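# Remarks on the overall topology
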Amino acid sequence: MHRRGVGAGAIAKKKLAEAKYKERGTVLAEDQLAQHPLTGEMACRNQLKMMSKQLDMFKTNLEEFASKHKQEIRKNPEFRVQFQDMCATIGVDPLASGKGFWSEMLGVGDFYYELGVQIIEVCLALKHRNGGLITLEELHQQVLKGRGKFAQDVSQDDLIRAIKKLKALGTGFGIIPVGGTYLIQSVPAELNMDHTVVLQLAEKNGYVTVSEIKASLKWETERARQVLEHLLKEGLAWLDLQAPGEAHYWLPALFTDLYSQEITAEEAREALP
Amino acid sequence: MDRFVWTSGLLEINETLVIQQRGVRIYDGEEKIKFDAGTLLLSTHRLIWRDQKNHECCMAILLSQIVFIEEQAAGIGKSAKIVVHLHPAPPNKEPGPFQSSKNSYIKLSFKEHGQIEFYRRLSEEMTQRRWENMPVSQSLQTNRGPQPGRIRAVGIVGIERKLEEKRKETDKNISEAKEMVELSKSIANKIKDKQGDITEDETIRFKSYLLSMGIANPVTRETYGSGTQYHMQLAKQLAGILQVPLEERGGIMSLTEVYCLVNRARGMELLSPEDLVNACKMLEALKLPLRLRVFDSGVMVIELQSHKEEEMVASALETVSEKGSLTSEEFAKLVGMSVLLAKERLLLAEKMGHLCRDDSVEGLRFYPNLFMTQS
């Protein structure tokens, strides 16, 4: 038999716990509300029992919720965002496991995990061109193309969430804010603050020069050169020695202008004089 | 459809491009018209549509002519659409594709997706109304239309009510979840403080509760990390699934490759990245024929137990010596493995002292370490 906590405090606590359980329609046996003899707090084992019961109830409620709103979550990206933000504020990650309730009942998991696969494939396919760095816009367009006409539409926010999950697979995936958007890194290249800031500078024109870096960031020549050399080495930048004036360092990842006007071979032929 | 005017499609000074999307078809009200495949551009001032086949066919409407917009979800065989309700055309409007139209709305059909982002950006522009602050040339400064006094169609009120309902239900779920998070924190602390009080079984049960709820697990045991029964089963499954693919790929695969392979094979009930990692962490402890390995760079791979990367290094040295020197890309091509893993092997060889690096702007190149062999 468990020792009951004595004193007014313990009694009040017990009454509160009972009231709570009555409210939920669950009546716990007396000994389940037993307290720890020294601290007066509920014993761990009993808390575990309580959690088990709450879990069952939660599962039932979530099933009901799902039957009404599952479609919505699948189709409405705004709802997905709000929902996930709410989960985050209380410390719950609905995407942590495919075996979680959220995944199993609301189906949020499969949507994002599949997106993860598609993102990896797109990045792999374009790596030879951009060294493993791609704008969120281009990634979005490519993923949409790959998904085909009959698949669910995805938003950029969806992509970001999927990428954040992919980070668990080891170094490689990174999200770098530039201008008003993001660059997605898909290879484990070491990019520190200096590199990132130069990428952000390059976003305007798709390329950057040593003088531009010195003028905007007020760096010494040597610092600018080192950063640019590193980007070249990692295959993220291309050197253009034939540019007017000084050498231009181009970032293929930022060639979105070129990409967005992607034309077919016939269109290209027709466009020529 | 009579609100559109012909345009060159060039942006004015002070007019900025916000977003564009290919594969958009225009409907006049509910009717399909000949403008069935174009690129739709949203600027701070206008909505521009350019025919994909004939770039000279380009038209636009001012954003100030839009009363409000609605989304129309995709259906079977139907693309998602944005419905754009418009003010009447001003009398002095420039020429456009249609002189008159009985409809006061158009529909934009996104045949190649992209509707979500486009709608979001268009809504933003409609809210911010940047065209009012950024004057452009006279030709774009036609009427501002009657001040949009939130003309709401009945549909919107109904939708808002439903949203409110949904919000309430979601809140209820979330607050239940929140209680459980608090409870689990309390339990976890107790487990940490008095490790001996709770049985192994009870701890495992607790961890599975956390997994179901998506609550991060602060309790790790040395043997199984943060894994649960589920992850143990998964680990055994993976050992079965990955045996052959690993053998085909020289005994080693990066975790991203494994993630894609396994999920593509599953089709549904996919694994989250964390599920995969947690399962792989248990491979060695469960004495399965595969193991998880983390390189210094942070790259994670799965290897067959029988795979000895250190032995592969010896053959890598031979290959590099034959060619004089090799970069990761060249080595990868020769041996037929991914560049990522090729690089790791060369780095390991360097770490073991067999190779030397030549790090220059032209890339990272490896040479046999003559300091070792030729004294």
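Going by the structure above, here's the rest.
Residues numbered from 1 in each chain as written. Chains lettered and ligands numbered in written order. Predicted model: local features only at pLDDT ≥ 70, side-chain atom pairs only at ≥ 80, totals over all residues. Heavy atoms only, no water.

## Comments concerning the overall build of chain B
Helix and strand counts for chain B come out as 10 helices and 15 strands. A total of 375 residues make up chain B; the buried ones form 50% of that total. Nonlocal contacts in chain B, meaning residues at least 24 apart in sequence, comprise 58% of its contacts between residues at least 6 apart. Here chain B displays about 18,900 Å² of accessible surface, and carbon together with sulfur accounts for 52% of that area. (Helix = DSSP H or I, 4+ residues; strand = E, 2+ residues; numbered from the N terminus. Buried < 20%, exposed > 50% of the residue type's maximum accessible area, 1.4 Å probe, protein only. Contact = heavy atoms within 4.5 Å. Areas by Shrake-Rupley, 256 points an atom, 1.4 Å probe, with all protein chains shown as cover.)

## Re the sheet that holds strand 5 (residues 238-240) of chain A
Strand order in this open sheet of three strands is 4-6-5 (chain A), and the pairing throughout is antiparallel. The sheet is open, and its two edges are formed by strand 4 (207-208) and strand 5 of chain A, each paired on a single side. (Pairing = 2+ DSSP bridges.)

## Thoughts on the packing of aromatic side chains
In total, this model carries eight aromatic pairs over all chains according to the counting rule given. Ring geometry for A:Phe79 against A:Phe83: centres 6.2 Å apart, planes inclined by 40°, an arrangement best described as tilted. Here A:Phe79 and its partner A:Phe83 are both found in helix 3 (residues 77-90), four residues apart, which amounts to about one turn of the helix. The class of A:Phe79 is buried, set by a relative accessible area of 4%. With 5.4 Å between their ring centres and 70° between their planes, B:Phe35 and B:Trp49 make a pair best called edge-to-face. In this pair, B:Phe35 is assigned in the loop between strand 3 (31-32) and strand 4 (38-43) and B:Trp49 in strand 5 (residues 46-51), connecting sequence segments 14 residues apart. (Phe/Tyr/Trp six-rings, centres within 6.5 Å; stacked < 30°, edge-to-face > 60°.)

## Points about helix 8 (residues 328-335) of chain B
Residue and element names in this part refer to chain B. Buried residues of helix 8: Ser328, Phe331 and Ala332, and no others. Along the axis of helix 8, the buried residues cluster in a sector spanning 100°; they form a single face. In helix 8, the exposed residues that point more than 90 degrees away from the buried face are Glu329 and Lys333. On its buried face, helix 8 sits against helix 7 (309-323), strand 13 (326-327), helix 9 (339-351) and strand 15 (363-368). Immediately beyond the C-terminal end of helix 8, within one or two residues, lies Gly336, with a positive phi of roughly 80°. (Arc of directions from axis to C-beta.)

## Overview of the interface of chain A and chain B
A common way to express how large an interface is: the accessible area buried when the components associate. Contacts between chain A and chain B engage 75 residues on the former and 74 residues on the latter. Here chain A and chain B share an interface that buries about 6,600 Å² over both sides, 60% of which is from carbon and sulfur atoms. For B:Arg264, the salt bridge goes to A:Glu121, with nearest N and O atoms at 2.8 Å. The tally of links between chain A and chain B comes to 19 residue pairs in polar contact (both at pLDDT 80 or more). In terms of residue count, the dominant contributor to the side of chain A that touches chain B is helix 2 (residues 44-75) of chain A (17 residues). When the residues that make up the side of chain A that touches chain B are grouped by side-chain class, the tally is 33 nonpolar, 21 polar and 21 charged. (Buried area = accessible area lost by both parts, 1.4 Å probe. Salt bridge = Lys/Arg side-chain N within 4 Å of Asp/Glu carboxyl O. Polar contact = N/O pair within 3.5 Å; in protein donor to acceptor, adjacent residues only side chain to side chain. Nonpolar A, V, L, I, M, F, W, Y, C, P; charged D, E, K, R; others polar.)

## Observations regarding the pairing of strand 2 (residues 17-28) of chain B
Residue and element names in this part refer to chain B. Most of strand 2 is tucked away: 10 of the 12 residues are buried. Of the pairings in the sheet, the one linking strand 2 to strand 4 comprises five bridges and is antiparallel in character. From the neighbouring strand, Leu17 faces strand 4, where its bridge partner is Ser43. Here five bridges tie strand 2 to strand 9 (residues 105-110), and the two strands are oriented antiparallel to one another. Paired with Tyr27 across the two strands is Lys107, which belongs to strand 9. Note that strand 2 and strand 3 share two bridges and pair antiparallel. Among the inter-strand pairings, Tyr27 is bridged to a residue of strand 3, identified as Lys32. From the end of strand 2 to the start of strand 3, which pair antiparallel, there are two residues, and Gly29 there has a positive phi angle of about 65°.

## What about the environment of A:Ile163?
All names here are of chain A. Looking at where Ile163 falls in the secondary structure, it is placed in helix 7 (residues 156-166). Classification of Ile163 as buried rests on a relative accessible area of 0%. Considered as a pair, Ile163 and Leu115 are 48 residues apart in the sequence and their alpha carbons are 8.7 Å apart. Those residues in contact with Ile163, other than ones at most four positions away along the chain, are Ile119, Leu139, Phe173, Ile175 and Ile184.

## Some thoughts on unusual backbone geometry
Residues and elements named next belong to chain B. Positive phi, close to 60°, is recorded for His113, a residue that is not glycine. You can see His113 is positioned in the loop between strand 9 and helix 1 (115-128). Judged by its relative accessible area of 11%, His113 is buried. Positive phi is not limited to glycine here, since Glu269 has a value of about 50°. Of note, Glu269 is situated in the loop between helix 5 (255-266) and helix 6 (273-281).

## So, the pairing of strand 5 of chain B
The side chains of a regular strand alternate, residue by residue, between the two faces of the sheet. All names here are of chain B. Of all six residues in strand 5, five are buried, a share of seventy percent or more. In the sheet, strand 4 pairs with strand 5 via five bridges, with the strands oriented antiparallel. By the bridge assignment, Leu42 is partnered in strand 5 with Leu47. The antiparallel pairing of strand 4 with strand 5 creates a hairpin that spans two residues between the two strands. Both strand 5 and strand 6 (residues 58-62) contribute to a ladder of five bridges, which runs antiparallel. Note that in strand 6 the partner of Arg50 across the bridge is Cys58. If you look at the hairpin formed by strand 5 and strand 6, you'll find six residues sitting between the two strands.

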